[in-house]
Number of protein chains: 4
Amino acid sequence: MSNSEHNIITGHAGYVLEDVPHLSDYIPHLTTYPNPLQDNPSYSVVKEHSVDVDDTIAQKVVVHKNSPRETHFRRAGPRQKVYFESEDVYACIVTCGGLCPGVNTVIREIVCGLYHMYGVHKVLGIEGGYRGFYSCNTIPLTPKVVNDIHKRGGTILGTSQGEGGNDTLKIVDSIQDRGINQVYILGGDGTQRGASVIFEEIRRRGLKVSVVGIPESVDNDIPVIDKSFGFDTAVEEAQRAINAAHVEAESTENGIGVVKLMGRHSGFISMYATLASRDVDCCLIPESPFYLEGPGGLFEFIRKRLAENGHMVIVISEGAGHELISESLSATNKQEASGNKLLQDVGLWLSQKIKDHFTKSQKMDITLKYIDPTYMIRAVPSIASDNVHCTLLAQSAVHGAMAGYTGFAVGTVNGKHAYIPFYRINEIEKKVVITDRMWARLLSSTNQPSFLNPKDITTHQTGN
Amino acid sequence: MSNSEHNIITGHAGYVLEDVPHLSDYIPHLTTYPNPLQDNPSYSVVKEHSVDVDDTIAQKVVVHKNSPRETHFRRAGPRQKVYFESEDVYACIVTCGGLCPGVNTVIREIVCGLYHMYGVHKVLGIEGGYRGFYSCNTIPLTPKVVNDIHKRGGTILGTSQGEGGNDTLKIVDSIQDRGINQVYILGGDGTQRGASVIFEEIRRRGLKVSVVGIPESVDNDIPVIDKSFGFDTAVEEAQRAINAAHVEAESTENGIGVVKLMGRHSGFISMYATLASRDVDCCLIPESPFYLEGPGGLFEFIRKRLAENGHMVIVISEGAGHELISESLSATNKQEASGNKLLQDVGLWLSQKIKDHFTKSQKMDITLKYIDPTYMIRAVPSIASDNVHCTLLAQSAVHGAMAGYTGFAVGTVNGKHAYIPFYRINEIEKKVVITDRMWARLLSSTNQPSFLNPKDITTHQTGN
Amino acid sequence: MSNSEHNIITGHAGYVLEDVPHLSDYIPHLTTYPNPLQDNPSYSVVKEHSVDVDDTIAQKVVVHKNSPRETHFRRAGPRQKVYFESEDVYACIVTCGGLCPGVNTVIREIVCGLYHMYGVHKVLGIEGGYRGFYSCNTIPLTPKVVNDIHKRGGTILGTSQGEGGNDTLKIVDSIQDRGINQVYILGGDGTQRGASVIFEEIRRRGLKVSVVGIPESVDNDIPVIDKSFGFDTAVEEAQRAINAAHVEAESTENGIGVVKLMGRHSGFISMYATLASRDVDCCLIPESPFYLEGPGGLFEFIRKRLAENGHMVIVISEGAGHELISESLSATNKQEASGNKLLQDVGLWLSQKIKDHFTKSQKMDITLKYIDPTYMIRAVPSIASDNVHCTLLAQSAVHGAMAGYTGFAVGTVNGKHAYIPFYRINEIEKKVVITDRMWARLLSSTNQPSFLNPKDITTHQTGN
Amino acid sequence: MSNSEHNIITGHAGYVLEDVPHLSDYIPHLTTYPNPLQDNPSYSVVKEHSVDVDDTIAQKVVVHKNSPRETHFRRAGPRQKVYFESEDVYACIVTCGGLCPGVNTVIREIVCGLYHMYGVHKVLGIEGGYRGFYSCNTIPLTPKVVNDIHKRGGTILGTSQGEGGNDTLKIVDSIQDRGINQVYILGGDGTQRGASVIFEEIRRRGLKVSVVGIPESVDNDIPVIDKSFGFDTAVEEAQRAINAAHVEAESTENGIGVVKLMGRHSGFISMYATLASRDVDCCLIPESPFYLEGPGGLFEFIRKRLAENGHMVIVISEGAGHELISESLSATNKQEASGNKLLQDVGLWLSQKIKDHFTKSQKMDITLKYIDPTYMIRAVPSIASDNVHCTLLAQSAVHGAMAGYTGFAVGTVNGKHAYIPFYRINEIEKKVVITDRMWARLLSSTNQPSFLNPKDITTHQTGN
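From a predicted model like this one, the values you see are computed outputs, not experimental measurements.

**Examining the overall build of chain A**
Piece 1. The helix and strand tally for chain A stands at 16 helices and 18 strands.
Piece 2. Compactness check: chain A gives a C-alpha radius of gyration of 24 Å against a globular reference of 23 Å for 464 residues, within 12% of the reference.
Piece 3. The C-alpha extent of chain A, read off along each of the three principal axes, is 80 × 55 × 45 Å.
Piece 4. The 464 residues of chain A split such that 59% are buried.
Piece 5. Residue pairs in contact within chain A that sit at least 24 positions apart in sequence constitute 77% of those at least 6 positions apart.

Dropping the structure here:
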């Protein structure tokens, strides 16, 4: 999509609004209706029962006295007018990609929000991810069906791996054929890119169908938004693994506990889990390269810590040390390696490297225990704060669709719910840790070296 | 303090900075030193190793195209220059008021932050709240002493009830006599008002002593800041009580579960716990008056829900229905009542009223189970997200004191750490729920009536 | 029932078997069938696929070289022959009395055991306790219906308070009218006495109906059996309350935490929770009287502990100090007291007494926090070990009924599952703590005084 | 040791007592002292303050009318007379082998039991397992030092891998040199065999030193005793992994969750975890061989379950399928395999085999998630019931040593604490599952096939 297609509105003192598409952008003469919430006694008691249509959310809150105002997003929430009559709405929900705590809560609250706030009774669950659109697996969703699902992990709709290769045309055919006019899509970056393409096709066909993304990534690597749902739950659950690694490490001489946590491109889970635990000696993330051998390398640091404390705990993101593994594998027989997926698990790889280094090269007795809690973390039900987060995201999604917005994702920006155009969510650069002050805080709390040569720093920062 | 004493800085497009005091405001010719963090390898790897001295945080993020910019606060974080030499710092920490999850984490991280980031080795714990200043109970705090305390609930320093009647002069004498030059104070509104008075006295005496407040209120009723630490933990732990009430209620015909949660003036815990749980039929908070008898009253709602579902769960904040209890008590023998504190517990009171109404007046068999989890909630260690929150608050506090700021509280504003002048934290109006859209969301999710006469609404809103 | 009606079989070296009734005792010429388990491949792989019909369980395992062998019970388990054809079985399950962790697991496993082991497909849930027999509330139970219920607390069948006053004749009429021929009854002592009377009436009418009791008492006060299901879960969950009380007590000077735990006649939960926690200074149980004032009294002990440690934790069973409360209430205005149930809660009563004594009489500042976790404990789902316990109890019950035994309760005796005649379960004396060595272990671990005058000891022991 | 050296006492009706050694067996004229507990007020209130010297515990409780009485063990508990004066006791504690929940509780209670019950103040912790005896790492243990350790997992004394190759003579030299006269040894079968040899050497030297074993094996494979401490905690914690595997499996089409649990020779953890969870479709244990391919094999069963339910959960003990892996590895390049420990992890191996079979051979899309929670399970603190269990074991150990018994292990037999001679604990055959009725219960609850050819069954049972 060319930039010219973006809805950009400018204002006073450098104000920019990156607005989201609206059905009325491409469908003329749409009828509007008063928002049924106005008759809902719950909403009549509060002043702000609907959101001012002009409300926007500032993306930048750290400012100087004379800073320009920069980017804003449209505020989420109920509007005075809606673009659908409740009895005409036929909504569907689909969940794609890996598991993440809170998916069931989002499903529940889309269903209950549509039902209780707007009187919408027709909601369809698409089973097994995008491909469920053109297979025959669907499940009607009512408040009764979804009543207790937020207490379970996983997704009652099922999901499927690898969302690549889905057939957009068949998906939109299916939407059109079934008469669906609100599509709620949960999933990570691949999924949201898919949602964007689906939206484009729907716009091309001129259909009155709202497409809403609810970004889902346990790794918390979605751009723009403050924090993805399920992230706090994941960090909470990761504490168990770190505690266990710490207990194991403390119980033997030269005990080393290694915990692998999720995060293919971003080290947020590892970083927050480390900050929350305080029992971690070293945290390795994808954004911050490290090396093993030689002065300033990881082995040297391990030797030092063991000498000081007698034990240590290492947390490593699944995507950390990527280049090292590649190098290492190409050094050995490549064919063997490619046949053995295990060797590509960074946690197993690092554990083996450490064992080899100390036991074989250094003739030093160490005891290393490796813990991979990934699936135990992903599968738990969400904690209370994530439950609230999911509930509000779902309600924002519903308000946005009813108000006729489309082609947007919901998320919090500086703590406020906003509608964000897909192109901002799908930016090629993932949200990453490294230039953040949080990383400095972490380094200072673990007292680990940065493992970066000055060269690396320069290179990396040029890229920002 | 008169308004004229406030540090107000104005700027471009309606920008207002409500700044915090600085030691240099009243002590001339203070020496500054380069921030030792600049030599800390952890900080050298990140671009933003210190915060731009001009950074401020916008309080208002929901804006219109042409809105004025309004209030800002000074951004928290390390400065290029500090006003203390590390070896000269003698810090103390005091914890006052009721327990709250996370206090030990804040204590730990002040100690570790001073030690590891700034090389400050002299930190004193004042035991048993403010009165510990002039009694002889103190404990030297080192990273080793505080190493594991974040895994325990409560406060290792102890606290004391009722901070009224403390002798400011004696406290400041004690600070002066001991040579303390950084004072970190954890506690709720009474405590922070005390902190403000202590700061005034210190300024009056011209002492080079930074006074830093870390607002602590499990009720989350502190103005300005996004959320007080420990709040998410409290909401999480409250789920157990609500779950239990739900199970008990479901297991008998006309089963009613009543759960009292904390919140003397503000219903945040009840509201968030209700939103997170989805098993609650009715949530009663201090901000939203209710009445028992007659049409639209609570009894009518209970009867309706029991008829529909056979059971129900009520969550009530400890401060809800205050006026009702007063009326009710004055109706009965006042002398008896005042002698019996139990009758003033709103949970016990409401439970009794419901039992009396249905069993006696309505000859209807109900089974009511009352749960008061207050102390079980307050005493748990903080969850991971609160642990991170506490860690960052402590680090912000330390950076602020080292940079010479004083008379301020730390907290997050729109997700960013800020230094907030005491007068804003100590505003007479507590942070409350009622006009918030969140309350509308809750009402719509429980489908409970508002229990408000139109009269009440008008009256209330005029007050805002 | 006269002793002569008991099935007593004697043997070698003082061997006594207190056998349970059998349908063939009062119905002549019953057909038997081979146990369908014999064709079940699961059972064919193990040697002991059915239990030897002569197996019995010794009640006494602490013996001397020349001890007589004494009482035995019939071993539970599948028999070679059964007295029901699977397609003819119509079973029902009823749950009575207070909640207890594990009830849903027992329900689930009776249903699944009948279905998977014996091919029985007709099982009825009676809702709301005994009265459900003659009201119209029943629910058909299938493996699908009960599939996940063991993960929830409470009972899906509901229960009702106060099982007194049920109409045995109407219950048996209902059983007879519906053609039910296996009745599984979960509940405490009142319930099991009811079960015994139901059995007698069924025998009087000569019906081919097996009546099986699964004793349920979170208090663990059932005679003969090792431990009632749900007890370990209750002790586990009680740890939270004790931990919280400990944290609260530690956080203030002269802090006292009081925790009330279940146990109307028996102090098992309090005793085990105290032994498991090690943070309790004093444990008060119904079996061991105590007094407040004077030398050797509780107040003296509290004063001593506070002087030594600065804080203390007291655990008290709901039935402890019964006589003290009665005395205390008769001293005050009786009418007022009887109207106020609150005054009869021993935890509130003791808390008030301690506060009055120290604050008023002793002018000593104490801070007392009272925690009543009763409903939070009862309502949790059972822990894994209780889940296994419940599963095996249910299977034993099913095997017993299929084998034609009736009028018995299932339970473990010295770790083995046994069938115990109702009259032994319904002995007037509850299982109590006091003469047990466990109590000595507890006293030595808390170092609390016994609070017993020599007089008390004598009196009590005469009663044993 | 020849059988003739065993202390066997016979009695009435086939009674056999397999007694434990006593210091007086090989040291003449030992002085005895009255048990200090007799003056302990805690013990004076209960009837049974000490155990009758003739009390023994029957090993067999499932008996027939005319069964012989068979084996008994000496009952644990305080004796009227002790063989040590409290001030002369110098005790030490050593923990060996892998971690197990509850080790710290046992340590704590040995220390507190010696201190509070017997007034023994000199207890030494040996660090890092047996080798700590002749290295210099020891730590004095007092009630204050061990006060909170039961709330932590692991062992505060540390342990070491592979207890083989310890130098008995050096250990006994160290005991003798330091003047230690009570040795408490926690550990599994290797450790207890070591303890037995240490005891023999001590007896040979004629030293007045009691050697007490507290068997520790999270796998629960110790002969004679009912259940080893920590086992219930392990089963409890294993539920998390099984739940997660279930959620993952349910969330995709043809989802398979594989969980590896501890158990090198015995499948108790897997079996109990499966029985407790009810979400497991197939449980594979070392005692019950299985095969993959062909009719009746695991692959066929998997295909069937996936067709029926769309997903499945497999639990496998670490020691299951041992022979299959050996075969499988010898089929591939042996050299490669032996260099790759990973291939010998049965969980990874089985996961790979299943993936290969379905994805490659069957062209069937499956999603397999493998979870190995071993270290997360071992490292947790013990649950309440295990805490009580550990406490009582420790007290039994202390009573036994004080009473002059030696060369014994403590454990429960039919629920009663007993002293068991080392040779019975160290029997070559581990405790195993297969012939147990419990296994039939499990098979019938999972409805899995037995995977045994009739041939296997015959062979196996002949061996019993």
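That covers the picture; the talk isn't over yet.
**Concerning the UniProt feature "active site" (unreviewed entry) in chain A**
Residue and element names in this part refer to chain A.
Piece 1. Under the present numbering, the feature "active site" (unreviewed entry) in UniProt falls on Asp219.
Piece 2. Residue placement: Asp219 occurs in the loop between β12 (210-215) and α6 (231-250).
Piece 3. Looking at Asp219, the number of C-beta atoms within 10 Å reads 29, which means it is buried.
Piece 4. Excluding anything up to four places from it in sequence, Asp219 contacts Met262, Gly263, Arg264, Ser266, Phe268 and Ile269.

**Concerning the interface of chain A and chain B**
Piece 1. Every contact between the two is made by 62 residues of chain A and, on the other side, 63 residues of chain B.
Piece 2. Its residues assigned to classes, the side of chain A that touches chain B comprises 26 nonpolar, 23 polar and 13 charged.
Piece 3. Pairing analysis gives two bridges linking strand β4 (residues 56-58) of chain A to strand β5 (residues 62-63) of chain B, with the strands arranged antiparallel. When the bridges of β5 of chain B are listed, Ile57 of chain A appears paired with Val62 of chain B.

**Let's talk about the relation of the copies chain D and chain C**
Piece 1. Overlaying chain D with chain C gives an RMSD of 0.0 Å, the required rotation being 180 degrees about an axis along which the chain moves by 0.0 Å. Taken together, the turn and the small shift mark the pair as related by a two-fold rotation axis. No C-alpha of chain D approaches the rotation axis more nearly than that of Asn414 of chain D, which lies at 2.5 Å.
Piece 2. Interface overlap between copies: 100% of the residues of chain D at the interface are likewise at the interface in chain C, consistent with a symmetric, same-surface contact.

**Observations concerning the sheet that holds strand β14 (residues 282-284) of chain B**
Residues and elements named next belong to chain B.
Piece 1. With parallel pairing, the four strands of this open sheet are ordered in space as β14-β15-β13-β16. In this open sheet, the two edge strands, each paired with only one partner strand, are β14 and β16 (367-371). Between one strand axis and the next, the sheet turns through 15 degrees on average, direction left out of account.
Piece 2. Sheet topology note: the β14/strand β15 (residues 311-317) ladder contains three bridges and is parallel. Paired with Cys282 across the two strands is Ile314, which belongs to β15.
Piece 3. Contacts from helix α7 (residues 268-277) reach β13 (255-261), β14 and β15 within the one sheet, and its direction differs from that of β15 by about 150 degrees.
Piece 4. Relative to the sheet, helix α8 (residues 298-309) contacts β14 and β15, its axis offset from that of β15 by approximately 145 degrees.

**Let's talk about the domain arrangement of chain A**
Residue and element names in this part refer to chain A.
Piece 1. Annotation of chain A at the domain level lists domain 1 (3-228 + 382-425) and domain 2 (231-379 + 434-462).
Piece 2. With centres defined by C-alpha atoms, the gap from domain 1 to domain 2 works out at 37 Å.
Piece 3. Facing 17 residues of domain 1, the contacting portion of domain 2 comprises 14 residues.

**Digging into the interface of chain D and chain C**
Piece 1. Listed per partner, the contact involves 63 residues of chain D and 63 residues of chain C.
Piece 2. Its residues placed into classes, the side of chain D that touches chain C shows 26 nonpolar, 23 polar and 14 charged.

**Quick look at the environment of Lys369 of chain C**
Piece 1. As for its position among the elements, Lys369 of chain C is in strand β16 (residues 367-371).
Piece 2. Given 24 C-beta atoms within a 10 Å radius, Lys369 of chain C is considered buried.
Piece 3. Taking the C-alpha atoms as reference points, Lys369 of chain C and Val258 of chain C, separated by 111 residues in sequence, lie 6.2 Å from one another.
Piece 4. The contacts of Lys369 of chain C, once residues within four sequence positions are left out, are Tyr375 of chain B together with Ala245, Glu248 and Gly257 of chain C.

**A look at helix α11 (residues 346-361) of chain A**
Residues and elements named next belong to chain A.
Piece 1. For α11, built from 16 residues, the straight-helix expectation of 22 Å at 1.5 Å per residue is met to within 8% by its first-to-last C-alpha distance of 21 Å.
Piece 2. Turning to α11, its buried residues are Val346, Gly347, Leu350, Ser351, Ile354 and Phe358. All buried residues of α11 lie within an arc of 130 degrees about the axis, which places them on one face of the element. In α11, the exposed positions that point more than 90 degrees away from the buried face belong to Asp356, Lys360 and Ser361.

**Things to note about the packing of helix α3 (residues 103-118) of chain A against helix α13 (residues 384-402) of chain A**
Residue and element names in this part refer to chain A.
Piece 1. Interhelical geometry of α3 versus α13 gives an angle of 50 degrees and a closest axis separation of 8 Å. Between α3 and α13, the angle falls in the class oblique. For the pair α3 and α13, the crossing hand works out as right-handed. Touching Thr105, Val106, Glu109, Ile110, Gly113, Leu114, Met117 and Tyr118 of α3 are Asn387, Cys390, Thr391, Leu393, Ala394, Gln395, Ala397, Val398 and Met402, all from α13.
Piece 2. In terms of residue class, the contact of α3 with α13 is made up of 11 nonpolar, five polar and one charged.

**A word on the UniProt feature "binding site: substrate" (unreviewed entry) in chain A**
Residues and elements named next belong to chain A.
Piece 1. When the UniProt feature table is mapped to this numbering, "binding site: substrate" (unreviewed entry) covers Met262, Gly263, Arg264, Glu318, Tyr375, Met376, Ile377 and Arg378.
Piece 2. The topology assignment puts Arg264 in the loop between β13 (255-261) and α7 (268-277).
Piece 3. Owing to 15 C-beta atoms within 10 Å, Arg264 belongs among the partly exposed residues under this scheme.
Piece 4. If near-sequence neighbours (up to four positions away) are discounted, Arg264 is found in contact with Asp219, Glu318 and Gly319.

**Topic: the pairing of strand β11 (residues 182-187) of chain A**
It is a general feature of regular strands that their side chains alternate between the two faces of the sheet.
Residue and element names in this part refer to chain A.
Piece 1. In terms of burial, β11 is a largely internal element, six of the six residues being buried.
Piece 2. Burial along β11 is two-sided: Gln182, Tyr184 and Leu186 facing one way and Val183, Ile185 and Gly187 facing the other are all buried.
Piece 3. Direction of pairing for strand β8 (residues 91-95) relative to β11: parallel, over a ladder of five bridges. Within β11, the residue paired with Thr95 across the bridge is Leu186.
Piece 4. Bridging between β11 and β12 involves six bridges; their strand directions are parallel. Residue pairing across strands places Leu186 opposite Ile214, the latter belonging to β12.

**What about the confidence of the model for chain A?**
All names here are of chain A.
Piece 1. When pLDDT is averaged along chain A, the result is 89; 90% of the residues meet or exceed 70.
Piece 2. pLDDT under 50 marks residues 454-464. Its contacts with residues more than four places away, or in other chains, come to six contacts.
Piece 3. Quick note on the complex model: pTM equals 0.94, ipTM equals 0.92.

**Details of the environment of Tyr83 of chain C**
Residues and elements named next belong to chain C.
Piece 1. Mapped onto the elements, Tyr83 comes out in the loop between β7 (81-82) and β8 (91-95).
Piece 2. Separated by 53 residues in the primary sequence, Tyr83 and Leu30 have C-alpha atoms spaced 7.2 Å apart.
Piece 3. With sequence-adjacent residues up to four places away left out, Tyr83 is seen in contact with Leu23, Leu30, Thr32, Ala403 and Gly404.

**Considering the sheet that holds strand β14 (residues 282-284) of chain A**
Residues and elements named next belong to chain A.
Piece 1. The sheet built from four strands is open, its strands ordered β14-β15-β13-β16 with parallel pairing. Of all the strands in the sheet, just β14 and β16 (367-371) have a single pairing partner and so form its edges. Ignoring which end each strand starts from, the neighbouring axes of this sheet average 15 degrees apart.
Piece 2. The strands touched by helix α8 (residues 298-309) within the sheet are β14 and β15 (311-317), with β15 carrying the most contacts at an inclination of about 145 degrees.

**Observations concerning helix α15 (residues 437-446) of chain D**
All names here are of chain D.
Piece 1. For α15, the buried fraction is high: eight of the 10 residues fall into the buried class.
Piece 2. By the burial criterion, the buried members of α15 are Trp439, Ala440, Arg441, Leu442, Leu443, Ser444, Ser445 and Thr446.
Piece 3. Asn447 sits one or two positions beyond α15 and adopts a positive phi of about 60 degrees.

**Here's the deal with the pairing of strand β13 (residues 255-261) of chain C**
Residue and element names in this part refer to chain C.
Piece 1. Burial analysis of β13 places seven of its seven residues in the buried class, the great majority of the element.
Piece 2. The side-chain alternation of β13 yields two buried faces, one formed by Gly255, Gly257, Val259 and Leu261 and the other by Ile256, Val258 and Lys260.
Piece 3. Inspection of the sheet shows β13 paired to strand β15 (residues 311-317) by seven bridges, in the parallel sense. Bridge pairing in β15 links Gly255 to His311.

**Brief notes about unusual backbone geometry**
Piece 1. With a phi angle near 60 degrees, Glu70 of chain A is a residue other than glycine that sits in the positive phi range.
Piece 2. Of note, Glu70 of chain A is situated in strand β6 (residues 70-75).
Piece 3. You can call Glu70 of chain A partly exposed: it has 13 C-beta atoms within 10 Å.
Piece 4. Even without being glycine, Val224 of chain D reaches a positive phi, approximately 70 degrees.
Piece 5. Take Val224 of chain D: it is sitting in the loop between β12 (210-215) and α6 (231-250).

What counts and what doesn't
Residues numbered from 1 in each chain as written. Chains lettered and ligands numbered in written order. Predicted model: local features only at pLDDT ≥ 70, side-chain atom pairs only at ≥ 80, totals over all residues. Helix = DSSP H or I, 4+ residues; strand = E, 2+ residues; numbered from the N terminus. Rg over C-alpha atoms; globule rule 2.2 N^0.38 Å. Buried ≥ 20, exposed ≤ 12 C-beta atoms within 10 Å, placed from the backbone. Contact = placed C-beta atoms within 7 Å. UniProt positions renumbered as here; feature names shortened; annotations may be inferred. Nonpolar A, V, L, I, M, F, W, Y, C, P; charged D, E, K, R; others polar. Pairing = 2+ DSSP bridges. Least-squares fit on C-alpha atoms with pLDDT ≥ 70 in both. Axes fitted to C-alpha atoms, helices over the stretch in contact; angles between N-to-C directions. Domains from an automatic or database assignment. Expected span 1.5 Å × (residues − 1). Arc of directions from axis to C-beta. Parallel < 35°, antiparallel > 145°, perpendicular 65-115°, else oblique. Left-handed = near helix turned anticlockwise from the far one by under 90°. pLDDT = per-residue confidence, 0-100.

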